Amino acid sequence: MAGSLTVQEIIGARDYALAEAARPVFGKAGVGFTVGLAIVATVSGVIASVFAVSRMLAMLTDMDLVPHRHFGMPGRIQKHTLVYTIVLAMLLTIFLDLSRIATIGAIFYIVMDMAIHWGILRRIREEVEASAWVLITALTLDAAVLAALLLTQARNDPLVLMIASVGIILIFGGEWLYLRKKQTEQ
Amino acid sequence: MKQEHHHDDYQKNSLSLLGAVSMGTGVMIGAGIFALTGQLAEHAGGLFPLAFLAAAVVTGFSAYSYVKVCRVAPSAGGIAMILKKCYGPGVVTAGCSLLMYFSMVINESLVARTFGTYTLQLFDAKGPDWLVPALGVGLLVVAFLVNIAGNKVIGNLSKFTAAVKVGGIALLAAVGLWASGLSFEADPTAPAQAMPVIGFLTATALGILAYTGFTTITNSGAELVEPKKNVGRAIIISIAICVVLYLLI
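Residues numbered from 1 in each chain as written. Chains lettered and ligands numbered in written order. Predicted model: local features only at pLDDT ≥ 70, side-chain atom pairs only at ≥ 80, totals over all residues. Heavy atoms only, no water.

Some words on the overall build of chain A
Point 1. Each helix and strand in chain A was counted, giving six helices and zero strands.
Point 2. In sequence order, the secondary structure elements of chain A are arranged as α-α-α-α-α-α.
Point 3. Considering chain A as a whole, with its 186 residues, one finds that 54% of them fall into the buried category.
Point 4. Sequence-distant contacts in chain A: of pairs separated by 6 or more residues, those separated by 24 or more amount to 46%. (Helix = DSSP H or I, 4+ residues; strand = E, 2+ residues; numbered from the N terminus. Buried < 20%, exposed > 50% of the residue type's maximum accessible area, 1.4 Å probe, protein only. Contact = heavy atoms within 4.5 Å.)

What about the pattern of salt bridges?
One side chain can pair with another of opposite charge once the charged atoms of both are near each other.
Residues and elements named next belong to chain A.
Point 1. One pass over the structure, following the stated rule, counts five salt bridges over all chains.
Point 2. The salt bridge involving Glu185 is made with Lys181; its shortest N-O contact spans 3.9 Å. Here Glu185 and its partner Lys181 are both found in helix H6 (residues 158–185), four residues apart, which amounts to about one turn of the helix.
Point 3. You can call Glu185 exposed: its relative accessible area is 57%.
Point 4. Accessibility expressed as a relative area gives 52% for Lys181, which makes it exposed. (Salt bridge = Lys/Arg side-chain N within 4 Å of Asp/Glu carboxyl O.)

Overview of the interface of chain A and chain B
Accessible area lost when the parts come together is the quantity often used to give the size of an interface.
Point 1. Counting residues at the interface gives 116 residues for chain A and 125 residues for chain B.
Point 2. Of all residues in chain A, A:Arg76, A:Lys79 and A:Tyr109 give up the largest surface area on contact with chain B, accounting jointly for 7% of the area buried on that side.
Point 3. Summed over the shared surface of chain A and chain B, the number is one salt bridge.
Point 4. Among the ionic pairs, B:Lys85 bridges to A:Glu127, the shortest N-O distance being 2.7 Å. (Buried area = accessible area lost by both parts, 1.4 Å probe.)

Regarding the side chain of A:Ser54
All names here are of chain A.
Point 1. Within the fold, Ser54 resides in helix H2 (residues 17–62).
Point 2. Note on Ser54: relative accessible area 2%, which makes it buried.
Point 3. Setting aside residues no more than four positions away along its own chain, Ser54 makes contact with Gln78, Thr81, Leu82 and Thr85.

Brief notes about the environment of A:Ile110
Point 1. Checked against the element boundaries, A:Ile110 lands in helix H4 (residues 98–128).
Point 2. Given a relative accessible area of 0%, A:Ile110 falls into the buried group.
Point 3. Between the C-alpha atom of A:Ile110 and that of A:Leu139, which follows or precedes it by 29 residues, the distance is 9.5 Å.
Point 4. Sequence-distant contacts of A:Ile110, defined by excluding residues within four places in its chain, comprise A:Asp142, A:Val145, A:Leu146, B:Ala205 and B:Ile208.

Examining the packing of helix H3 (residues 77–95) of chain A against helix H5 (residues 131–149) of chain B
Point 1. Where H3(A) meets H5(B), the axes come as close as 9 Å, and the angle between the chain directions of the two elements is 170 degrees. The angle between the axes of H3(A) and H5(B) places the two elements in the roughly antiparallel class. Across from A:Lys79, A:Leu82, A:Val83, A:Ile86, A:Ala89, A:Met90, A:Thr93 and A:Ile94 in H3(A), the residues of H5(B) making contact are B:Pro133, B:Gly136, B:Val137, B:Leu140, B:Val141, B:Phe144, B:Asn147 and B:Ile148.
Point 2. In the contact of H3(A) with H5(B), the residues fall into 12 nonpolar, three polar and one charged. (Axes fitted to C-alpha atoms, helices over the stretch in contact; angles between N-to-C directions. Parallel < 35°, antiparallel > 145°, perpendicular 65-115°, else oblique. Nonpolar A, V, L, I, M, F, W, Y, C, P; charged D, E, K, R; others polar.)

Focus on the side chain of A:Thr85
Point 1. With respect to the helices, strands and loops of the structure, A:Thr85 is situated in helix H3.
Point 2. In this structure, A:Thr85 is in contact with A:Val53, A:Ser54, A:Leu57, B:Tyr101, B:Val105 and B:Glu108, ignoring residues within four places of it in sequence.

Considerations on the packing of H3(A) against helix H4 (residues 91–121) of chain B
Point 1. As a packed pair, H3(A) and H4(B) sit with axes 8 Å apart at the nearest point and diverge in direction by 55 degrees. On the basis of the axis angle, H3(A) is oblique to H4(B). Considering only the axes of H3(A) and H4(B), their crossing is right-handed. The residues of H4(B) that touch H3(A), namely those facing A:Thr81, A:Tyr84, A:Thr85, A:Leu88, A:Ala89, A:Leu92, A:Thr93 and A:Ile94, are B:Tyr101, B:Phe102, B:Val105, B:Ile106, B:Glu108, B:Ser109, B:Ala112 and B:Arg113.
Point 2. Residue composition of the contact of H3(A) with H4(B), grouped by class: 10 nonpolar, four polar and two charged. (Left-handed = near helix turned anticlockwise from the far one by under 90°.)

What about the nonpolar core?
Point 1. Within the largest apolar cluster, 129 residues are counted, with the highest numbers of intra-cluster contacts made by A:Met112, A:Ile120, B:Phe34, B:Leu36 and B:Tyr211.
Point 2. Examining the composition of this core, we find that 18 residues originate from one element, H2(A), more than from any other.
Point 3. With near-sequence residues (within four places) excluded, A:Ile120 lies in contact with A:Arg125, A:Val128, A:Ala130, A:Leu135, B:Ser65, B:Val69, B:Ile82 and B:Cys86. (Core = buried A, V, L, I, M, F, W, Y, C linked by side-chain atoms within 4.5 Å.)

Observations concerning the environment of A:Arg69
Residues and elements named next belong to chain A.
Point 1. With respect to the helices and strands, the residue Arg69 is situated in the loop between H2 and H3.
Point 2. Judged by relative accessible area, Arg69 falls into the exposed class, the value being 57%.
Point 3. Note: C-alpha distance between Arg69 and His80 (11 residues apart in sequence) is 8.7 Å.

Some thoughts on a nonpolar patch on the surface
Point 1. A cluster of nonpolar side chains, contributed by A:Val87, A:Leu91, A:Ile94 and A:Phe95, occupies part of the molecular surface with about 390 Å² of accessible area.
Point 2. If you trace the backbone, A:Phe95 turns up in helix H3. (Patch = residues over 30% accessible without salt bridge, like charges linked within 9 Å, V, L, I, M, F, W, Y side chains within 5 Å. Areas by Shrake-Rupley, 256 points an atom, 1.4 Å probe, with all protein chains shown as cover.)

What to know about H6(A)
Point 1. Over its 28 residues, H6(A) runs 40 Å from end to end, which matches the ideal 40 Å to within 8%, given 1.5 Å per residue.
Point 2. Inspection of H6(A) places A:Val160, A:Leu161, A:Ala164, A:Gly167, A:Ile171, A:Glu175, A:Tyr178 and A:Leu179 among the buried residues, and these make up the whole buried set.
Point 3. Those residues of H6(A) that are buried are in contact with H4 and helix H5 (132–156) of chain A together with H4 of chain B. (Expected span 1.5 Å × (residues − 1).)

See the structure below:
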């Protein structure tokens, strides 16, 4: 694709860049083919991801790490987490544009990723026979790209950083309250 | 929502290596190439293919951790289990697991919206602003219904569509390369970036999203055949397939 469009054109067609790239090379049929491919890819990607993600939330529920309410729904926990996942994804789809969605997703993922590397490095490195320098490299790379992302968005779109920070505070604050409440109950 | 299938139970050995790879690539390709190419170009300029590559390198280092842990203790918990092993069942584990959860949900909205923008291209129309999110929400409704329908459908569907996707993109790339004469030149009209290094690293950070699908494989440790060997293999193969495809395009 880098061959058929200029960077200006790719940015102009940012949200559907690949279809636009097919136009000069393949003409209309190429656009149709690319769009068709994109539809197959996105549809199946969402279906597979929804499955994996609602199962992950069900697992967290089983591990007693997240609060769970049935809201009167029948069926197993994984069906409930499926509902929560879909509703949440819909809200995000409606209210955020692609660039904001991508930024928040990347920040959350990289923070989590760093926590894993740090945890392995400090706690279970010997048990799993992981090499320290690989873990430290992974941490450094994560930190570098995260810092760049934060810096860029602080200039371009500070609001998205506010949303991401509020999200992180809510997640950890909520968990702190929930786990503390559970502990005093026991 | 009647409980007809017992599909929430994890069945040992129910997932082959091929199945795991198609699951990983399935999630990755949906998010990666169609949703993120334009975003990356915006930050990295003409270097965006390299940003995809750099993101793969970063992800490769990340995957090392997951593979190492899965080799010792493959489980259905995936990331949550890894975190619990490191930090115990406390706030850090719960919070980080939820970060991962939300990141994946965010990824779904990203892909759902991308579905909307590409579908609109079929009609050559920009359409009103609400149409893209509306199409995205429609896709999520379909995803919900398919997921309610059960596990088997998803497994078969994902194997089939993974093949279509990998084949289709490879075909597109092959014809594209042939048409543009197998030459890749840096685009001279690319706008100069104000802070090239920062921009490139920003693009790399966003590019990581194109590969986070590999973590879905770690969640399937309990079902995969010979998990100690195959979780790692599936992760590495999936990432490799995606890198090759992203770079071809």
